[in-house]
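Coordinate analysis (summary)
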Amino acid sequence: MEKDAQAAEALAATSTGKAALDYAIQAAELYMRAASSTSNKQDAARFRQRCKALIAHAEKLKTQLPKAPPAGHGSDILRQSSLLHGNEFPPWEKDPSDAEFQHQSGQRLFTDETKFSLSPIQTENFASWQRPQDLCHPPDDGGLDALMRPSQSCNLVQDVTTDCSVVASLSAAIGMLTGKHSVLSSIIHPFDHDNGHPKISASGKYVFRMNFNGCWRRVVIDDRLPASRTDRTLFVVDRRNPRLIWPALLEKAYLKVRGGYDFPGSNSGTDLWVLTGWIPEQLFLQREDFDVSTAWRRIKAAHETQDVVVTLGTGRISDEEEEVMGLVGEHDYAVLDMDASDGLRKLLIKNPWCNGPVWTGAGWSTPQKSPTAASQHGRISSHKPELPSSGTLWVAFEDVAQHFESMYLNWNPKLFPHRQDRHFNWRTPPKHLAASLVRNMQYSITCPRGGLVWMLVSRHFVDQELAIMRNRRGSMAAVAEQLGYMSILIFQTRGKRVQTSEGQLYRGPYVDSPQTLARLETEPGKQYTIVLDQQELPLKSYNFTLTLFSELAVELREAQEEMSHFKEIEGTWSRRTAGGNSSLSTYFINPQFKISTTRTGPVSILLTTGDQDVHVHVDLVWASGKRVASIRVKDLAGTSGEYRRGCADATIPKLDVGIYTLVCSTFEANQIADFALRVSSTADVELEPIPADAAGRLRNSLAPLALTEREERMRAPIQVSWLTRGSVCVRSVGPKSARDEVVRHPSSLMIRVSVVHGWGPEQLVVAESGDGEFVESTAALRTPEFDLEPGRTHSGQMWLVVETIGVHNASTSLEMDIFSDSPVRVGAWQSW
């Protein structure tokens, strides 16, 4: 016992957070038990001393833990998610007793008042809701026991109920449900545990334990099934055991959860997660990084121990392809077995449709239709018809990877000794923040001893999503676009929150499924940040559950902000403020902000827009909070680098105290979009818009001034009729290509533009660009604001001057704009 206590104490010393506390408590308890069990007084005293020290250490660790979420928060979410389609599905508390299913003489059979909706084709075939004893004819063939116990292996099929994923799930999982793991005994009640099959409920009431919306839940149905007026069936049937009804009852319970028999569609991974609680994983077979050999080894090993259930899904397929290949589009298939005994990797695949096409091996083809297991009027036939084609075929794993879109794997949760659930509500970010992660749910995980961790995010079912699916137009792929997508991102950021997806350690596929899984081999003690991301989720608010499955203990908590102070401003690039990048003369009209810092430290600036087609950029400039016209490298205190689609981030590890100007720009001018600006820091900062000095001003675009090797100085007279305030912007442009695009070449040309009064020794400089210095022609130049007086300009002594030094490309010209509050007239250019 002392060795166990020492081991726990060592783990407490090398762990952090909740794990360290748990190990410390465990070690203290072991030392106490050791002290009580030993007869050696010295050892007992030593053990009690270690116990006392560990208790003190545990109390200290408690004070260091983050505050727990408000009491009842998780239970509130579970309670909110109990209501679906007018039905309540409360969290599972305990297995029902047999007394709940007893039927007293003279008492009416239990009737569930839930209205199960039917699709148009189901309604055409529907006769009535009937009890099993009415459906079975004659009722005494094989006894009632045949309703719950199959006489031979099952062969489940669907007909006009559009739940191929459910029937494929049941077909693939039949061994897991009734075999080694006997999961069925925990799902359906009443159950005969002695004989290993469900019981007939005397009252007609059945209770199912299903896993959805964050926990195991209680689902109650009666035993009435939809009888058909034709030879079509409206529920899952077993071709080999035609009187077996527990699959149909399980199907009914699941369809009650999902909204009715007019089931709009799902996938087998989701279905089995709800039906069995086995962990869903989706493999995208058409992805370039899908490795056939690696996937085969991993799945085959788990298949041999019966710890995985495998199903397949097709994508959208044209009618012509369906006819040629015999493969049904947007359809799920069961995998019944795997084999590689002859050196070929093969899957035994089953189409759950009773009359579905089957791949014959030479190619896809459609066999002749076979009779269903139902006779007229929807009664289950009591005789054993000649077994039709089972709809199964061995298919090479490589062919599966070529012709199917997805493989769904459901893993035995008992593979993992540790599990944690965290329930949360997430209000999806507004459109202008959707390109960033600042409003996304983020969690920090730490594995003190490392090891494999599976992270599953489950979106709770809601009625609004069911309405979207039922109102679909076109394919399920079109519905997926309406329901949106979600993914898991993982970062190595010491468990701190992240703002953008740049630099992620792992990015999962964006899936239209309500569940998405990420697997991570963690390093001991390293902190990771898990982020739930989304694309186009249509609802404003969702409930989710994050579940961690792990080999060893994992610490889970909400990720904390790196910074402590935040300022956020929303803005717009409009026709007056969309100036484009810094090479354009209109750069200065972009939205600009004054930032004041009072303490040296790190600062992070995030710029994001809801228009994903707009590339954005942010510059932090040494400009004392004044509007800037152009950018020079030496003026930059920080930048987001290249223009990025929808989102840009500039992080300055150490920003000195001072007043700066922040410029938010799009790559192209005149791109109209809303944006959000977020400044994060370790100390308070002031952030305020800088008024647009060109707002409401006239823009006078001059004819391009062609540069020549001989002329390095040019001037043009300027005149005004009223006192006018303005500024001049200049940029150089090269020749245009055949596509009318400007060709940019390296140039050593330097430019200075100025406004002067007079000439010669008495010349007075009114304003000049670059603080009087020559600036590279690759940047747009702008003079400071200046005043023009009519009297001085009419004397012919006010000039606009352009000076160049260095070598320029052939056909280089200068484009100039004068922004002013009154008209400015510019005369012809003269050489100087």
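This one's a predicted model, so the numbers in the text were calculated from it and none came from an experiment.

Pairing is antiparallel in the open sheet, where 6 strands are placed in the order β13-β21-β14-β15-β16-β20. Two strands in the sheet have a free side with no partner beyond their single neighbour: β13 (279-284) and β20 (392-396). Averaged over all neighbouring strand pairs, the angle between strand axes comes to 30°, with direction disregarded. Note: strand β14 (residues 308-313) against strand β21 (residues 406-411), 6 bridges, orientation antiparallel. Residue pairing for β21: Val308 is matched across the bridge by Trp411.

This part is about the packing of aromatic side chains. Across all of its chains, the model carries 23 aromatic pairs by this definition. Among the aromatic residues, ring-to-ring pairing joins Phe424, Trp426, Tyr443, Tyr542 and Phe544 into one connected group. The aromatic ring of Phe110 is capped on one face by Lys205, whose charged end is 5.5 Å from the ring centroid. The ring of Phe588 has Arg782 sitting right over it, with the charged end atom 3.8 Å from the ring centre.

On to helix α14 (residues 463-470), then. Helical geometry: 3.6 residues make up each α-helical turn, so side chains three or four residues apart lie on a common side. Listing the buried residues of α14 in full gives Glu465, Leu466, Ile468 and Met469. Along the axis of α14, the buried positions cluster into a sector of 160°, meaning they face one direction only.

Attention shifts here to the sheet that holds strand β10 (residues 215-222). Reading across the sheet, the 3 strands line up as β6-β9-β10 and stay open at both edges, with antiparallel pairing between neighbours. On the outer flanks of this sheet lie β6 (188-189) and β10, each paired with one strand and no other. As defined by bridge partners, strand β9 (residues 205-212) adjoins β10 across 8 bridges and the pair is classed as antiparallel. Along β10, the bridge assignment pairs Val207 with Val220. Helix α10 (residues 268-276) contacts β9 and β10 of the sheet and is inclined by roughly 125° relative to β9.

Of all 10 residues that make up strand β29 (residues 541-550), 9 are buried, and the element is covered over most of its length. By the bridge criterion, 10 bridges tie strand β22 (residues 418-427) to β29 in an arrangement that is antiparallel. For Arg419, the partnering residue across the bridge sits in β29 and is Phe549. By the bridge criterion, 7 bridges tie strand β24 (residues 451-459) to β29 in an arrangement that is antiparallel. Looking across to β29, one finds that Arg459 is bridged to Phe544.

Among the nonpolar cores identified, the biggest contains 54 residues, and Leu177, Phe208, Met210, Phe212 and Trp246 are the most heavily contacted of them. For this core, the element with the most residues is helix α7 (residues 164-178), which contributes 9 residues. Apart from the residues lying within four places of it in its own chain, the contact partners of Trp246 are Leu147, Met148, Ile174, Leu177, Thr178, Leu184, Ile188 and Pro198. Core analysis: the second largest hydrophobic core is formed by 35 residues, Val400, Met407, Phe416 and Trp454 among them.

On the UniProt side, "active site" (unreviewed entry) is annotated at positions that read Cys164, His331 and Asn351 here. Separation in sequence by 188 residues is not matched in space for these annotated residues, since their most distant C-alpha atoms are only 8.8 Å apart. Examined against the element boundaries, Cys164 turns out to sit in helix α7. With a relative accessible area of 14%, Cys164 lands in the buried category. Setting aside chain neighbours within four positions, we find Cys164 in contact with Gln158, His331, Asp332 and Pro352. Position of His331 relative to the elements: it lies in the loop between α12 (319-325) and β15 (332-339). If we skip the residues at most four places from it in the chain, His331 touches Gln158, Cys164, Leu312, Gly313, Thr314, Asn351, Pro352 and Trp353.

Here the focus is α10. Most of α10 sits out of view: 9 of its 9 residues are buried. Residues of α10 that are buried include every one of Ser268, Gly269, Thr270, Asp271, Leu272, Trp273, Val274, Leu275 and Thr276, and no others. N-capping of α10 is provided by Asn267, with a side-chain oxygen placed 3.0 Å from the backbone N of Gly269. Just beyond α10, the residue with positive phi is Gly277, at close to 80°.

What follows concerns the pattern of salt bridges. Taken as a whole and judged by the stated rule, the model has 40 salt bridges. Between Asp112 and Lys256 there is a salt bridge whose closest N-O contact spans 3.0 Å. Linking Asp112 in the loop between β2 (87-88) and α5 (120-125) with Lys256 in helix α9 (residues 246-258), this pair joins segments that are 144 residues apart in sequence. Comparing Asp112 with Lys256, the two get one shared label, buried. For the salt bridge of Glu568 with Arg439, the shortest nitrogen-to-oxygen distance reads 2.9 Å. Linking Glu568 in strand β31 (residues 565-573) with Arg439 in the loop between β22 and β23 (442-446), this pair joins segments that are 129 residues apart in sequence. With a relative accessible area of 43%, Glu568 lands in the partly exposed category.

So, on to the confidence of the model for the protein. Of the residues in the protein, 89% reach a pLDDT of 70 or more, and the chain-wide mean stands at 86. Every residue in residues 360-389 is under pLDDT 50, and counting partners more than four places away or in other chains gives 73 contacts. Throughout residues 737-746 the model reports pLDDT below 50, and contacts reaching past four residues in sequence, or to other chains, amount to 14 contacts.

This part is about the packing of α7 against α10. α10 packs onto α7 with a crossing angle of 50° between their chain directions and a minimal axis gap of 9 Å. The angle between the axes of α7 and α10 places the two elements in the oblique class. The handedness of the crossing between α7 and α10 is right-handed. Residues Ser165, Val166, Ala168, Ser169, Leu170, Ala173, Met176 and Leu177 of α7 pack against Ser268, Asp271, Leu272, Leu275 and Thr276 of α10. Split into classes, the residues belonging to the contact of α7 with α10 amount to 8 nonpolar, 4 polar and 1 charged.

The rules behind these values
- Residues numbered from 1 in each chain as written.
- Predicted model: local features only at pLDDT ≥ 70, side-chain atom pairs only at ≥ 80, totals over all residues.
- Heavy atoms only, no water.
- Pairing = 2+ DSSP bridges.
- Helix = DSSP H or I, 4+ residues; strand = E, 2+ residues; numbered from the N terminus.
- Axes fitted to C-alpha atoms, helices over the stretch in contact; angles between N-to-C directions.
- Phe/Tyr/Trp six-rings, centres within 6.5 Å; stacked < 30°, edge-to-face > 60°.
- Lys NZ or Arg CZ within 6 Å of the ring centre and 35° of its normal.
- Buried < 20%, exposed > 50% of the residue type's maximum accessible area, 1.4 Å probe, protein only.
- Arc of directions from axis to C-beta.
- Contact = heavy atoms within 4.5 Å.
- Core = buried A, V, L, I, M, F, W, Y, C linked by side-chain atoms within 4.5 Å.
- UniProt positions renumbered as here; feature names shortened; annotations may be inferred.
- Polar contact = N/O pair within 3.5 Å; in protein donor to acceptor, adjacent residues only side chain to side chain.
- Salt bridge = Lys/Arg side-chain N within 4 Å of Asp/Glu carboxyl O.
- pLDDT = per-residue confidence, 0-100.
- Parallel < 35°, antiparallel > 145°, perpendicular 65-115°, else oblique.
- Left-handed = near helix turned anticlockwise from the far one by under 90°.
- Nonpolar A, V, L, I, M, F, W, Y, C, P; charged D, E, K, R; others polar.

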